[in-house]
Amino acid sequence: MREGPALVRPIKGIAAGHRNPAADAAAPHPLGSPRAAVDIPEVVQATAEALDTAGLAEYVFQRCRDLIFSAHVHDSDFLQSLRASINQNVTGLRDVITGRVTMDELQLDDVHRFAHVQAMLRIPQRLLQRSYRVAFYTQWEAWSDALRQHLVTTQLPLDAALSALHALTETVLHYQDHVASQVADIHTRESDALSQSRVHIRHSLVKTLLEDDSAQLSPADLAVLDYPLEHHHVAVLLPEVSEALATRIAGGIRQATGAHGTLAYPLSLSSSMLWISRVESWRPAIAARLDNVLHRLGVLAAISQPQRGPEGFRRCFEQAVQTDEVRAAWLHSDPHGAPAVVRYADVGLEALVLQDHEMAHNFVLAELGDLAADTSEAQKLRDTLEASFRLGSHVATAEHLGLHEHTIRNRLQRAEEILGRPLPERRTELQVALRMFRLLNAQPAGVTPLPGSRSGRP
């Protein structure tokens, strides 16, 4: 490269591209102990001023979300906290590089808050540390690439270019160490405090029960859990209710249903599972009272079938999760017609079939054929078929749809022509396919992913 203007200041300990042992001894490495801020060459500062930090922050967010925190992709509050922390770190590093602030002057409220969130969700510190390595390596990649382009444009001498890259790298590593040390301390303190709390111990016991079919709790553990595992359970998944609010809701449910125990468990920062137990079985009238409470509160809810004992405790959880998948899919395909409170007893078939989304989608398309088309005619024929199967007569179907009986006959005949076979021939399969179509919103072009899938459940 040809000689260019001297845009960089000498960095302590570097002369003509070589390390100075005396300077090294006087100034310990920044990752060993704190020292004065690194002298930032002007070319690095200019690069920092020009970099698209908003775009970089979003890219870092996507990397951390997909590589480190994929188990929390459906937790909007967690992702919001993650994004805020990354934004603050990216802009903070930029401000340090440009000389606007020193590291000691940084305001890192969002960064510290995210460390607290990770401790609350029992995310291990190894993942926290890995997220910082991924985040700052990604930033270093972006910063060094931008600097390289700047250096090529300005054609700085080799020594000056190497000094600039060294200063940038040292600053990024120094910043990472400065921030990661703080969040590690916060995470450790919060985790230790939570580990000593009764609530956290209860969460750990519930997690053990759900993950280990053979788990047997000691009398001391059962006393801490304070929930009768031998009773008749119902689980209610509340996808938009935090654990604290679920605990308050439990009081009203207990009074309305005559329950003997309730237990709230967080699935995310803003969703929770609530178990309700009774000594006696859950009679239909008692179950209806539970529905009434949830409807009156105006919350979204997925309710399991009643189950008994520790194994029933686990089955209730699984059924509530499956029911919520159906509820979310139903809401996705029919925002105005989907119910807020859904019971496993009413959607058990859909819950079963949705265990394999691709197979369910292929089944719907194979049974309905062109009746699955996205046309007004196909929609009318599907509605008519579904009502006819459910109500059992042309007269009742016509009355339900507000149509003439002859119109119903004509539509059913047209459906047979499209299917190429008599309707009674595969009546059961058609009924299942029509019910699944409502959830899958199937189109011939391919599979439509549904929200709330099992893979995303915390």
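Residues numbered from 1 in each chain as written. Predicted model: local features only at pLDDT ≥ 70, side-chain atom pairs only at ≥ 80, totals over all residues. Heavy atoms only, no water.

### As for the overall build of the protein
Here's step 1: When helices and strands are counted, the protein shows 18 helices and eight strands.
Here's step 2: Counting every position in the protein, which comprises 458 residues, the buried fraction comes to 46%.
Here's step 3: Here the analysis covers contacts within the protein between residues at least 6 apart in sequence; of these, 74% occur between residues at least 24 apart.
Here's step 4: Put simply, the protein shows about 22,600 Å² of open surface, and 52% of that area lies on carbon and sulfur atoms. (Helix = DSSP H or I, 4+ residues; strand = E, 2+ residues; numbered from the N terminus. Buried < 20%, exposed > 50% of the residue type's maximum accessible area, 1.4 Å probe, protein only. Contact = heavy atoms within 4.5 Å. Areas by Shrake-Rupley, 256 points an atom, 1.4 Å probe, with all protein chains shown as cover.)

### Some thoughts on the nonpolar core
Here's step 1: Val-44, Phe-78, Ile-86, Ile-97, Tyr-132, Trp-143 and Tyr-175 are the most contacted members of the largest nonpolar core, which has 50 residues in total.
Here's step 2: When contributions to this core are tallied by element, the ones reaching two or more residues are helix 2 (42-50), helix 3 (53-67), helix 4 (76-98), helix 5 (109-120), helix 6 (125-154) and helix 7 (158-195).
Here's step 3: Those residues in contact with Val-44 that lie beyond four places of it in its chain are Ile-97, Leu-147, Ala-164 and Leu-168.
Here's step 4: One finds Ala-398, Leu-412, Ala-433 and Phe-437 within the second-largest nonpolar core, a separate group that totals 31 residues. (Core = buried A, V, L, I, M, F, W, Y, C linked by side-chain atoms within 4.5 Å.)

### Here's the deal with helix 3
Here's step 1: Under the 1.5 Å per step criterion, the end-to-end length of helix 3 is 21 Å for 15 residues, consistent within 8% with the ideal 21 Å.
Here's step 2: Turning to helix 3, its buried residues number three or more, namely Thr-53, Leu-56, Ala-57, Val-60, Phe-61 and Cys-64. The buried side chains of helix 3 occupy one side of the element, clustering within an arc of 140° when seen end-on.
Here's step 3: Among the structural elements, helix 4 and helix 6 are those in contact with the buried residues of helix 3. (Expected span 1.5 Å × (residues − 1). Arc of directions from axis to C-beta.)

### Side note on the pattern of salt bridges
Here's step 1: Counting across every chain of the model gives 22 salt bridges.
Here's step 2: Close ionic contact of Arg-409 with Glu-405 constitutes a salt bridge, the shortest N to O distance being 2.7 Å. A residue pair is termed a helical-turn pair when its members lie 3 or 4 positions apart in one helix, as Arg-409 and Glu-405 do in helix 17 (residues 405-419) at four residues.
Here's step 3: Overlapping salt bridges bring together Glu-49, Arg-94, Asp-95 and Arg-100 as one network. (Salt bridge = Lys/Arg side-chain N within 4 Å of Asp/Glu carboxyl O.)

### Things to note about empty space enclosed by the protein
Here's step 1: With the rule as written, the count across this model stands at one cavity of 30 Å³ or more.
Here's step 2: If you go around the largest cavity, the residues you meet are Cys-64, Phe-69, Leu-82, Ser-85, Ile-86, Asn-89, Phe-114, Ser-131, Tyr-132, Ala-135, Phe-136 and Gln-139.
Here's step 3: For the lining of the largest cavity, the elements supplying multiple residues, two or more each, are helix 4 and helix 6.
Here's step 4: The element best represented in the lining of the largest cavity is helix 6, accounting for five residues.
Here's step 5: Grouping the constituent residues of the lining of the largest cavity by class yields eight nonpolar, four polar and no charged. (1 Å grid on protein atoms, 1.4 Å probe; cavity = no way out; pocket = protein on both sides within 12 Å on 5 of 7 lines; lining within 4 Å. Points joined across faces, edges and corners; volume = space filled by probe spheres on them. Nonpolar A, V, L, I, M, F, W, Y, C, P; charged D, E, K, R; others polar.)

### Thoughts on unusual backbone geometry
Here's step 1: In the Ramachandran plot, Arg-122 falls in the positive-phi region, its phi being about 60° despite a non-glycine side chain.
Here's step 2: Considering the arrangement of structural elements, one finds Arg-122 in the loop between helix 5 and helix 6.
Here's step 3: Since its relative accessible area comes to 25%, Arg-122 is described here as partly exposed.
Here's step 4: If you check the backbone angles, Asp-226 has positive phi at about 55° while not being a glycine.
Here's step 5: On the basis of relative accessible area, Asp-226 is assigned to the exposed category, the value being 53%.

### Quick look at the environment of Glu-405
Here's step 1: What makes Glu-405 partly exposed here is its relative accessible area of 27%.
Here's step 2: Distance from Glu-405 to His-394, taken between C-alpha atoms, is 6.1 Å for residues 11 residues apart in sequence.
Here's step 3: Contacts of Glu-405, omitting those with residues within four sequence positions, involve His-394, Val-395 and Ala-398.

### Focus: the packing of aromatic side chains
Here's step 1: In this structure the tally under the stated criterion is 10 aromatic pairs.
Here's step 2: Measuring from ring centre to ring centre gives 6.1 Å for Trp-275 and Phe-317, while their planes differ by 15°; the resulting arrangement is stacked. Within this pair, whereas Trp-275 is found in strand 5 (residues 272-278), its partner Phe-317 is found in helix 12 (residues 309-333), the two being separated by 42 residues in sequence. The same class applies to Trp-275 and to Phe-317, which are both buried.
Here's step 3: Seen from the ring of Trp-282, Arg-278 lies directly overhead, with NZ or CZ sitting 5.9 Å from the centre. (Phe/Tyr/Trp six-rings, centres within 6.5 Å; stacked < 30°, edge-to-face > 60°. Lys NZ or Arg CZ within 6 Å of the ring centre and 35° of its normal.)

### Notes on helix 15 (residues 376-391)
Here's step 1: For helix 15, spanning 16 residues, the distance from its first C-alpha to its last is 22 Å, which sits close to the expected 22 Å at 1.5 Å a residue.
Here's step 2: Every buried residue belonging to helix 15 is among Ala-378, Leu-381, Arg-382, Thr-384, Leu-385, Ala-387, Ser-388 and Phe-389, and all of these are buried.
Here's step 3: In the core, the buried residues of helix 15 are packed alongside helix 14 (357-368), helix 16 (394-401), helix 17 and helix 18 (427-440).

### Re the packing of helix 14 against helix 18
Here's step 1: At a minimum axis distance of 9 Å, the contact between helix 14 and helix 18 shows a crossing angle of 125°. With respect to their mutual orientation, helix 14 and helix 18 come out oblique. Crossing handedness for the pair helix 14 and helix 18: left-handed. Within the contact between the two elements, helix 14 uses Ala-360, His-361, Phe-363, Val-364, Glu-367 and Leu-368 and helix 18 uses Glu-429, Leu-430, Val-432, Ala-433, Leu-434, Met-436, Phe-437 and Leu-440.
Here's step 2: Split into classes, the residues belonging to the contact of helix 14 with helix 18 amount to 11 nonpolar, one polar and two charged. (Axes fitted to C-alpha atoms, helices over the stretch in contact; angles between N-to-C directions. Parallel < 35°, antiparallel > 145°, perpendicular 65-115°, else oblique. Left-handed = near helix turned anticlockwise from the far one by under 90°.)

By themselves these figures say nothing about function.
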